[in-house]
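Breakdown of the fold
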Amino acid sequence: MKKTGLISATVLAVSFAMPSAAQMSVEDQIEARQAAYQFMSWNMGKIKAQAVDGDVAFNAEQMKAAANAIAAVANSGMGALYSPESTLDKAENTRLKPDFFQQPEKAREVGMNFGREANKLQEVAATGDKAALARQFAAVGETCKACHDNFRAK
């Protein structure tokens, strides 16, 4: 495992061991959520390389582990790492638009869609079906794109 992956996994684990994001500083909230997304991106990259691009030999066990990690992030309560003070107009080192808090129904919808599709990814990965995994990977990617399009500054 790369050093950054290990660091990200550690930060992620520590951040979710915290009793409450309210006890975290804004900087820690931003760092924890960025680490979670980096960890998730790393796992999405593994699936892409094996199930979509074919750059790496398909290994069903690795795909299952990657999908489990993505679903774990999706179901971890990441919403607690978002506070109105952690938007780009009030904090540094973030690209979270204030729209996230101005459109709470949309933010909730995007988050729920991500969770649903990540859980389906986990289910599909457990079957070992490479083609189905590639299709579900695309569905998860669309939920990521929806969040970026609505709530992430370029």
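Residues numbered from 1 in each chain as written. Predicted model: local features only at pLDDT ≥ 70, side-chain atom pairs only at ≥ 80, totals over all residues. Heavy atoms only, no water.

**Description of the pattern of salt bridges**
For the structure shown, the criterion picks out four salt bridges. For Lys48, the salt bridge identified is with Asp53, shortest N-O distance 2.6 Å. On the basis of relative accessible area, Asp53 is assigned to the partly exposed category, the value being 37%. In this structure, the salt-bridge partner of Glu117 is Lys120, at a minimum N-O distance of 3.8 Å. Of this pair, Glu117 and Lys120 both sit in helix α5 (residues 104-127), three residues apart, which is roughly one turn of that helix. Of the residues examined, Glu117 reaches a relative accessible area of 11% and is grouped as buried. On the basis of relative accessible area, Lys120 is assigned to the partly exposed category, the value being 35%. (Salt bridge = Lys/Arg side-chain N within 4 Å of Asp/Glu carboxyl O. Buried < 20%, exposed > 50% of the residue type's maximum accessible area, 1.4 Å probe, protein only. Helix = DSSP H or I, 4+ residues; strand = E, 2+ residues; numbered from the N terminus.)

**Considering a negative patch on the surface**
The grouping of Glu27, Asp28, Glu31 and Glu92 at the surface amounts to a negative patch. The residue Asp28 is located in helix α2 (residues 26-52) in this model. (Patch = residues over 30% accessible without salt bridge, like charges linked within 9 Å, V, L, I, M, F, W, Y side chains within 5 Å. Areas by Shrake-Rupley, 256 points an atom, 1.4 Å probe, with all protein chains shown as cover. Lys, Arg positive; Asp, Glu negative; His and termini not counted. Charge placed at Lys NZ, Arg CZ, Asp CG, Glu CD.)

**Quick word on the packing of α2 against helix α3 (residues 60-74)**
Closest axis-to-axis distance for the α2/α3 pair is 9 Å, and the angle between their directions is 150°. Classed by the angle they form, the pair α2 and α3 counts as roughly antiparallel. Two packed elements cross with a definite hand, and for α2 against α3 that hand is left-handed. For the pair α2 and α3, contact is made by Ala36, Phe39, Met40, Asn43, Met44, Lys46, Ile47 and Gln50 and by Gln62, Met63, Ala66, Ala67, Ala69, Ile70 and Val73, respectively. (Axes fitted to C-alpha atoms, helices over the stretch in contact; angles between N-to-C directions. Parallel < 35°, antiparallel > 145°, perpendicular 65-115°, else oblique. Left-handed = near helix turned anticlockwise from the far one by under 90°. Contact = heavy atoms within 4.5 Å.)

**Concerning α3**
The terminal C-alpha atoms of α3, which comprises 15 residues, lie 21 Å apart, in line with the 21 Å expected from a rise of 1.5 Å per residue. Turning to α3, its buried residues are Met63, Ala66, Ala67, Ala69, Ile70, Ala71 and Val73. The opening residue of α3 is Asn59, an N-cap whose side-chain oxygen sits 3.0 Å from the backbone nitrogen of Glu61. (Expected span 1.5 Å × (residues − 1). Polar contact = N/O pair within 3.5 Å; in protein donor to acceptor, adjacent residues only side chain to side chain.)

**Structural notes on the nonpolar core**
Met40, Ile47, Ile70, Leu121 and Leu133 are the most contacted members of the largest nonpolar core, which has 26 residues in total. Counting residues per element, the ones that place at least two in this core are α2, α3, α5 and α6 (130-151). For this core, the leading source of residues is α2, giving seven residues. Ignoring sequence-local partners within four residues, the contact set of Met40 consists of Ile70, Val73, Phe114 and Cys144. Counting six residues, the second largest nonpolar core, distinct from the first, contains Tyr82, Phe100, Ala107 and Val110. (Core = buried A, V, L, I, M, F, W, Y, C linked by side-chain atoms within 4.5 Å.)

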